[in-house]
Amino acid sequence: MNKHTLILGLGNDILMDDGIGIRLCKKMQHYFSEESVTFDTVSLGGLEILEFIQGYNNVIFIDAIKTSDGIPGTVYYFTPADFKETSNLSNLHDVSFLTALEIGKKLNMEVPEHLHIIAIEIVEDLTFGEDFTPEVQEKYPEIVVQVRDLVDKIVK
Amino acid sequence: MTRYSIDPITRLEGHGKIEIFTNDDGEVENVYFQVPELRGFEKFVEGRPVEEVPQIVTKICGVCPGCHHMASGKAVDAVFGVEPTNTAKMIRELFYMAHFVHSHIAHFYALGAPDFVVGPGAPKAERNVLGVINKVGVEIGTEVLKQRRIAQEIQALIGGHQTHVVMNVPGGVRKGIKEDERLDIVAKSKGFVEFAKFSMKIFNDVVLANKDYVDIIVNGPYSLKIHSMGLVDANNKVNFYDGKVRVVDTTGKELLTYKPNEYLENIAERVEPWSYLKFPYLKKVGWKGFVEGQDSGVYHATPLSRLNASDGMATPVAQEEYERMYSVLGGKPVNNTLAMHWARLVELIYAAEHCLELAENKEITGTDLRNKMYQTPKEGVGIVEAQRGTLTHHYQTDDRGLVTKANLIVGTTNNHAPISMSIKKAAQGIIKKGVKVDDGILNMVEMAFRAYDPCFSCATHSLPGKMPMILNIRKADGDIIQTIKRD
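Residues numbered from 1 in each chain as written. Chains lettered and ligands numbered in written order. Predicted model: local features only at pLDDT ≥ 70, side-chain atom pairs only at ≥ 80, totals over all residues.

**Q** What exactly am I supposed to notice about the overall build of chain B here?
**A** In terms of regular secondary structure, chain B is built from 16 helices and 16 strands. Looking at chain B as a whole, 54% of its 487 residues are labelled buried. Here the analysis covers contacts within chain B between residues at least 6 apart in sequence; of these, 71% occur between residues at least 24 apart. (Helix = DSSP H or I, 4+ residues; strand = E, 2+ residues; numbered from the N terminus. Buried ≥ 20, exposed ≤ 12 C-beta atoms within 10 Å, placed from the backbone. Contact = placed C-beta atoms within 7 Å.)

**Q** Can you help me understand the pairing of strand S3 (residues 58–65) of chain A in this one?
**A** Looking down a regular strand, the side chains alternate between one sheet face and the other. Residues and elements named next belong to chain A. Extensive coverage of S3 is indicated by the burial of seven of its eight residues. Relative to S3, strand S1 (residues 5–10) runs parallel, the two being bridged by five bridges. Within S3, the residue paired with Ile7 across the bridge is Ile60. (Pairing = 2+ DSSP bridges.)

**Q** Would you mind going over the sheet that holds strand S13 (residues 389–397) of chain B with me for this structure?
**A** Adjacent strands of a sheet pair through backbone hydrogen bonds, lying either parallel or antiparallel. Residue and element names in this part refer to chain B. Overall, antiparallel pairing links the three strands, which are arranged S12-S13-S14 in an open sheet. Since the sheet does not close on itself, it has two edges, and those belong to strand S12 (379–386) and strand S14 (403–409), each with one partner. For this sheet the average axis-to-axis angle between neighbouring strands, irrespective of direction, equals 10°. Here helix H3 (residues 65–79) sits on the sheet and contacts S12 and S13; the angle it forms with S12, its principal contact strand, is near 150°. (Axes fitted to C-alpha atoms, helices over the stretch in contact; angles between N-to-C directions.)

**Q** Where do I start with unusual backbone geometry in this structure?
**A** Omega for the bond connecting Lys332 of chain B with Pro333 of chain B falls within 30 degrees of zero, at -10°, which places this linkage in the cis form. Tracing the backbone through its elements, the reader meets Pro333 of chain B in the loop between helix H11 (316–328) and helix H12 (339–360). In the Ramachandran plot, Asp69 of chain A falls in the positive-phi region, its phi being about 60° despite a non-glycine side chain. The residue Asp69 of chain A is located in the loop between S3 and strand S4 (75–78) in this model. For Asp69 of chain A, a count of 6 C-beta atoms within 10 Å puts it in the exposed group. In this structure, Asn108 of chain A takes a positive phi of about 55° despite not being glycine. Tracing the sequence through the fold places Asn108 of chain A in the loop between helix H3 (97–106) and strand S5 (114–121).

**Q** Please clarify how the sheet that holds strand S11 (residues 299–300) of chain B should be interpreted in this entry.
**A** Residues and elements named next belong to chain B. Sheet architecture is open: four strands sit in the order S8-S7-S6-S11, paired in mixed fashion. Lying at the two open borders of the sheet, with one neighbouring strand each, are strand S8 (254–258) and S11. Inspection of the sheet shows strand S6 (residues 227–232) paired to S11 by two bridges, in the parallel sense. When the bridges of S11 are listed, His227 appears paired with Tyr299.

**Q** I would appreciate a short explanation of the environment of Asn443 of chain B in the present structure.
**A** Residue and element names in this part refer to chain B. Checked against the element boundaries, Asn443 lands in helix H15 (residues 439–450). With 20 C-beta atoms counted inside 10 Å, the residue Asn443 sits in the buried group. With 316 residues separating them along the chain, Asn443 and Arg127 place their C-alpha atoms 9.7 Å apart. Filtering out sequence-adjacent residues up to four positions away, Asn443 remains in contact with Pro120 and Arg127.

**Q** What should I look at first to understand the domain arrangement of chain B in this one?
**A** Residues and elements named next belong to chain B. Its domain assignment divides chain B into domain 1 (2–38 + 415–486) and domain 2 (224–335). Counting residues at the interface gives 15 residues for domain 1, matched by 13 residues for domain 2. Mapped by element, the contributors of at least two residues to the side of domain 1 that touches domain 2 are strand S3 (28–34) and helix H14 (416–430). Grouping the amino acids of the side of domain 1 that touches domain 2 by side-chain chemistry returns eight nonpolar, five polar and two charged. (Domains from an automatic or database assignment. Nonpolar A, V, L, I, M, F, W, Y, C, P; charged D, E, K, R; others polar.)

**Q** Is there a simple way to think about the nonpolar core in this case?
**A** Soluble globular proteins: nonpolar side chains tend toward being buried together. Residues Leu94, Val101, Val346, Ala352, Cys355, Val384 and Ile423 of chain B are the most contacted members of the largest nonpolar core, which totals 182 residues. Two domains share this core, each providing at least three of its residues, namely domain 1 (2–38 + 415–486) and domain 2 (224–335) of chain B. (Core = buried A, V, L, I, M, F, W, Y, C linked by C-beta atoms within 7 Å.)

**Q** Help me out: how do you make sense of helix H4 (residues 86–118) of chain B in this one?
**A** Each α-helix winds once per 3.6 residues, and so residues spaced three or four apart point in a common direction. All names here are of chain B. Look at H4: 45 Å from first C-alpha to last across 33 residues, which is about the 48 Å you get at 1.5 Å a residue. The principal kink in H4, of about 65°, is found at Gly112, preceding the proline Pro114 by one to four residues. Phi turns positive one or two residues past the end of H4, at Gly119, with a value near 115°. (Expected span 1.5 Å × (residues − 1). Bend = angle between axes of the 7 residues up to and from the residue.)

**Q** Which parts of the structure should I look at to understand the packing of helix H6 (residues 138–159) of chain B against helix H7 (residues 179–208) of chain B?
**A** Two packed helices can be described by the angle between their axes and the distance between those axes. Residue and element names in this part refer to chain B. Remark: H6 packs on H7, axes separated minimally by 11 Å, with the N-to-C direction vectors making an angle of 145°. At the point where H6 passes H7, the crossing takes the left-handed sense. Of the residues in H7, those touching H6 at Glu143, Gln147, Ile150, Ile154 and Leu157 are Glu181, Ile185, Lys188, Gly191, Phe192 and Phe195. Along the lines of polarity and charge, the residues of the contact of H6 with H7 split into six nonpolar, two polar and three charged. (Left-handed = near helix turned anticlockwise from the far one by under 90°.)

Following this line, the structure appears as structure tokens:
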């Protein structure tokens, strides 16, 4: 079983800012070429997430988030212990992210020991479009640097 | 007057909520169920080659991407005036049965079962899928995940990807099924059939054997006498992939049938100022408001309505269960909202059995995958049954096949009016003067719309799992007098 690190980009790349996790994940591939790091992207949450993360030692999720009065482009870091609901980790149709993790443990699945969540404050995810909003686009270069630094700390 | 506000806590604050208004006597007077809608799909696909749209629509929603892909693929067939080959139809349908197996298992065990297997009055910490696993056993929880995963594997094998499906092309499918793959799917489908029958047994043992639960289903504030819609085959049997749309009235008599390209002559959409999402109704009857009864224009499109609108199931065990359900519940049509859970399990058995039937037919490995007798593209409508209702895709193109107009009526949108009415009826039956409104009450109201397997991902994009909620009880002036939270 794979004991490496998975960097998993979440979101929908045709719903404007919601695609930021996917785009950042692809961007990180340029910076991290270690064989021990695997990259993937999904547009799923809840129970489906369990299938993707099983067997890895470390998982870094990159997702969008919308918080009250959040400043677009802000990069957050948290773990399941101080979890905040992001845009795609949970699934209305089955279970929340934290419940999925509990189920994984209950069923003796190989739930990763270390889970990290990097979330980016977004503006728009209800309108179809392949571009970010101007607010997020403007901050994008800065977001990339912050996310890269966070991933670097976790991976190394 | 008091206003009760149930807000799903989402990243979309202020979106997706239930407002319950009571009078001075504490009786529920009105209920508003509000959800926002995704914007700009039509504009997004405008100008794109129509044959690309089936791939694009899989990204509309992560919950039922296969349904959108299938309705879209059929609409594109119609745009090019081409019928898929028999092999292609079988392959598409096989994929679709696996999609249904996957989704119906999820709903029963993660969303429906907590109310019955654990119990509607159980402590909220236990009334979830973990509580179900505690009750039925870890082995069964493992089997749930296993069967879901296998269903995903079949979809990925046939569709090219489990979520972003690339299977459908105009007049057929992109790739065929090899003999060794067919045999593998046969073995897996046998597992589906056994697991579907086992799930029905759990429902029998835990729900139907419990008089209190049966009483809630039959006599609780969960019934709605409205018309029933469903796709049926030439023998009026339930069909998820193809056929005509049939609507039966509140007495079970056929009210109308229509082919996909006749949907605009049969379905209209009501706009209400308090909701972003429209309210489809039967054009023939007209909009008479949010009312029940034979004269109402409101219909539902759910597992239960599909069974009501049909003359039976096309596979043997599903047919037995169909007959048993109507026998126990007093004949057709059934109007008990919570019977949707039962109907969903009948459908799960049908999907599993039909999956096996299709895989056992060696013709599915044929190589006639695509009919390329295309006509000049113009306009097409595709209709399938999504897990949560009849799904319609309609595209118009120029003569180069570039999209000029698109329109979708998604599964749950059909049920917008019924869900609103069911919530109101449940609230009226449960929230009374002197009744303390607590988490249990909140759950009883929530059960009314959970039965519909509502998925507003097409409309609200996504919401956190298990629908966390806040119930605000307000005085008439808007001041909050009590807040109940469920994380």
